[in-house]
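As a plain string of letters, each chain reads:
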Amino acid sequence: MRNRLFLALSCVVVLRLHGALASPILVEAEGFAEPGGWVVDSQFMDTMGSPYLLAHGLGVPVADARARVEVAEAGEYRVWVRTMDWVARWGAPGTPGRFEVRINGRKLEPTFGTVGAKWHWQDGGTVSLPQASATISLHDLTGFEGRCDAIVLSRDPDFTPPNTDPEMAAFRRACLGLPDQPESVGNFDFVVTGGGIAGTCAALSAARLGLKVALIQDRPVLGGNNSSEVRVWLHGARNKEPWPRIGDVVAELEQDRRAHYGPSNTADLYEDDKKLAVVRAEPNITLMLEHRVNAVEMAEGRIKAVIAQEVRSGRRLRVAGRWFADCTGDACVGALAGADLEIQATDHMGPCNLWNVCECTDLTAIGTDTDVAAEPVSFPRCPWALDLTDRPFPGRSKDKPQPDKLGGWYWESGFDRDPIEEMEYIRDWNFRAMYGAWDAMKNVDKVLPNHRLNWAAYILGKRESRRLMGDVVLGVYDLEQDREFPDGCVPTGWSNDIHHPDPRYEGGFEGDAFISSADFGSFPAHQEGRPFWIPFRCLYSRNVPNLMMAGRDVSVTHDALGAVRVMRTGGCMGEILGMAASLCRRHDTDPRGVYEDLLGELQNLMQRGVGKAPAEELSDGGQPQPVRLSVPEWLKSAGKNLAREAVVSTPGSPVAGVQTQQLLNDGEGRVEDNSTRWLQRAPLPHVVELHWNQPVELGAARIISGYYSASGVTAPIRDFTLEWLDGAQWKLLTPGIRGNANPAWATTFAPVKTRAVRLTVTATQNDISRIWEIECYAPAGAKPWPKR
């Protein structure tokens, strides 16, 4: 069927007359035809009742938003504006979210966003309007997260709009002329809610296997946390034996370039357009961007349809289907359908709002990741933000501040907050932490004089909320016992990474910590550098028979979630869901029936895969194109690689990243697989030591490092030293290396006898060491070593 994209509709409200007085005019802020510099925030629709416009200017007022309305009757109108003072819930001094409302160029008397700790209708006074088209504008005063949901104009001076549902929802529909019942958009084989990596892969997989698919996403882009709106990289494993084709679809969506923290983590790296293009190329997919599912229809315990509300117009659509996938992360569909679920009330992982600073001067560069020449720039005091005047936080130092430590993954809060009902609280707390930290650095420490806030996510990057229960609930004991499931189908590739408040920064913020530390819990598969295979029975609901799930809302306990929640793994789950849905249609069964009766057929599909990787990236049955690394002439006659017999350690650094140190000498060195590298993100220098029980004789070494993409291997370690232990003294094996660009750096040296070798990395791209293999070779018999 033709690929359809439901577009946002601008909201132009026409006055309707009922008796002596006209019914109110409702102007939805998210429907403004010209949003200016305001952004549409739809992530809290389920808790506060609507999308809204947010003045996300990082302390610089944003451009006005404008809308036109037709006034059918001249007269005096009472104005109501739904807004809030977003810091009032904490009793914080100041009102950072101030804005004005102007009608036909005239400013209304009140300043909005200055009262009320909760969403409410703030009285805007009265205005006289002629029978004509009127212009309404929102004028931001601060750039500090002012927000507006809607504006009501009423001829009745005693009328107050309803502020709670269901009355408020009914009022909105009546004013907008929307029907009480949702409009049908047809029937589908497979309805996928959530357009992150998991949901996108589920839709692509099912569509390529012939199913008629609806993919519903509440944002204007696909990718979820891996989009330009949130900016988190894919982690986990894909394309692993014995199912090397699982992950092919993920590979199609994965980016060729990446950066991690600081201003180099730009929007373009996330290739939003590429993800959209891949989905739009599938004729079996109906893509519904900016639609949020907020209701379901049930019959006899099965989901019959989901109801999706268009974010900008409020239009509600009924999307019917036979099988459904909840890839929302928050298990929104499952919760609405009454699926069994678990949620960790406290001591759970929180979300981030990543942010960074840069040296840039042009105010128009803010939020656009555009670097220009640096000059001193001020930042206003923020008494309403977290007071970090005398508090430590990552990146803070009066002597040597580290701007790239600001706004990383560990800027995380909400550990003891409700991960559904209090998400706006948590996001705003993250804002207060960001602004408080930057205020402290600029105005207390008086450092980084030429830096300004460059970019911050206003969309939360979530880690944990609801988990839907399946026939198997994967627990940490399964990981630790290396349990092998007959229906294992999705590879992990990540440690059991669970976050907690970092005690170094928690003082004074107990219960609302904003900096986390990661417990990289290990288990046998992870220690050995191989995946643990998640069973298919974790990917469907145990009590809603036609519901499947992929992503962080799958059937897993809280204490095992860290191993499965990352996005490459979630994307592989999505691929499996599409395959299972195709078998459901072929055999007229449900997901449980696939496990009980059709597991062999599912595995046949897993063996084939459903990817469409670019031809230049594939060879010989879809395998990644081998990379030809430079091979030194001496390697042909080198002795044994004695690094394989060494014990590897990384002194002075925490274990971090996907891999463990054992990968540094496992003898693989297959650069086509990024998941087999050792990664180190701790502050430089990065140190790796190889120790032998007995002295060994060495005469050459090779280090394979970098990042693999379709264009080859880039980003090897740049500056480093290689030393050997002579008794109790470390000595250089070769002069210190500066500016290395060779992913397979190699050297020979005069033979030495030693019990230890040490690699010290002092410079590398984005301060991340990425190493596949360290090789230390014995001399080739008595032959002299040839020159390099």
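Located above this text is the structure these notes cover.
Keep in mind the model is a prediction, meaning the values are calculated, not measured. (Residues numbered from 1 in each chain as written. Predicted model: local features only at pLDDT ≥ 70, side-chain atom pairs only at ≥ 80, totals over all residues. Heavy atoms only, no water.)

Novice: How should I be thinking about the sheet that holds strand 4 (residues 39–41) in this particular structure?
Specialist: Strands belonging to one sheet form pairs held by backbone hydrogen bonds; the direction of such a pair is parallel or antiparallel. Read from one edge to the other, the open sheet built from three strands follows the order 4-5-12, with strand pairing classed as antiparallel. Here the strands that pair on one side only, and so sit at the sheet edges, are strand 4 and strand 12 (144–148). Taking each pair of neighbouring strands and ignoring which way they run, the sheet shows an average axis angle of 35°. As judged from the three bridges shared by strand 4 and strand 5 (residues 52–56), these two strands associate in the antiparallel manner. Bridge pairing links Val40 to Leu53 in strand 5. In this fold helix 7 (residues 423–445) packs onto strand 4, strand 5 and strand 12, with an angle of close to 150° to the strand it touches most, strand 12. (Pairing = 2+ DSSP bridges. Helix = DSSP H or I, 4+ residues; strand = E, 2+ residues; numbered from the N terminus. Axes fitted to C-alpha atoms, helices over the stretch in contact; angles between N-to-C directions. Contact = heavy atoms within 4.5 Å.)

Novice: Just to check I follow, could you spell out the sheet that holds strand 9 (residues 106–107) for this structure?
Specialist: Sheet architecture is open: four strands sit in the order 6-11-8-9, paired in antiparallel fashion. One side of each edge strand has no neighbouring strand; the edge strands of this open sheet are strand 6 (65–70) and strand 9. Bridging between strand 8 (residues 99–103) and strand 11 (residues 133–140) involves five bridges; their strand directions are antiparallel. Bridged to Phe99 within strand 11 is Asp140.

Novice: I would appreciate a short explanation of the pattern of salt bridges in the present structure.
Specialist: Side-chain pairs of opposite charge can arise where the charged atoms are in close proximity. For the structure shown, the criterion picks out 51 salt bridges. A salt bridge links Arg238 to Glu254; the shortest N-O distance between them is 3.1 Å. Residue Arg238 is found in the loop between strand 15 (213–216) and helix 4 (248–253), and its partner Glu254 is found in the loop between helix 4 and helix 5 (272–280); the two are separated by 16 residues along the sequence. Each of Asp41, Arg147, Glu424, Arg427 and Asp428 takes part in salt bridges that share partners, so that together they form one network. (Salt bridge = Lys/Arg side-chain N within 4 Å of Asp/Glu carboxyl O.)

Novice: I would appreciate a short explanation of the nonpolar core in the present structure.
Specialist: For soluble globular proteins, the rule of thumb is that nonpolar side chains tend to be buried together. Ranked by internal contacts, the top residues of the largest apolar core, which has 94 residues, are Phe190 and Leu539. In this structure Leu539 touches Cys489, Val490, Met548, Met549, Val554, Met573, Ile576 and Leu577, once residues within four positions along its chain are discounted. Core analysis: the second largest hydrophobic core is formed by 48 residues, Leu58, Ile426, Ala437 and Leu460 among them. (Core = buried A, V, L, I, M, F, W, Y, C linked by side-chain atoms within 4.5 Å. Buried < 20%, exposed > 50% of the residue type's maximum accessible area, 1.4 Å probe, protein only.)

Novice: Would you take a moment to explain the packing of aromatic side chains for this structure?
Specialist: The relation between two aromatic rings is expressed through the spacing of the ring centres and the mutual angle of the planes. Scanning the entire structure with this criterion turns up 24 aromatic pairs. With a centroid separation of 4.8 Å and an interplanar angle of 45°, the aromatic rings of Tyr52 and Trp119 are classed as tilted. Here Tyr52, found in strand 5, pairs with Trp119, found in the loop between strand 9 and strand 10 (120–129); they are 67 residues apart in sequence, far enough to count as distant. With a centroid separation of 5.3 Å and 85° between ring planes, the pair formed by Phe509 and Phe514 is classed as edge-to-face. The rings of Trp86, Phe144, Phe379, Trp384, Phe431 and Tyr435 are connected pair by pair, giving a single aromatic cluster. (Phe/Tyr/Trp six-rings, centres within 6.5 Å; stacked < 30°, edge-to-face > 60°.)

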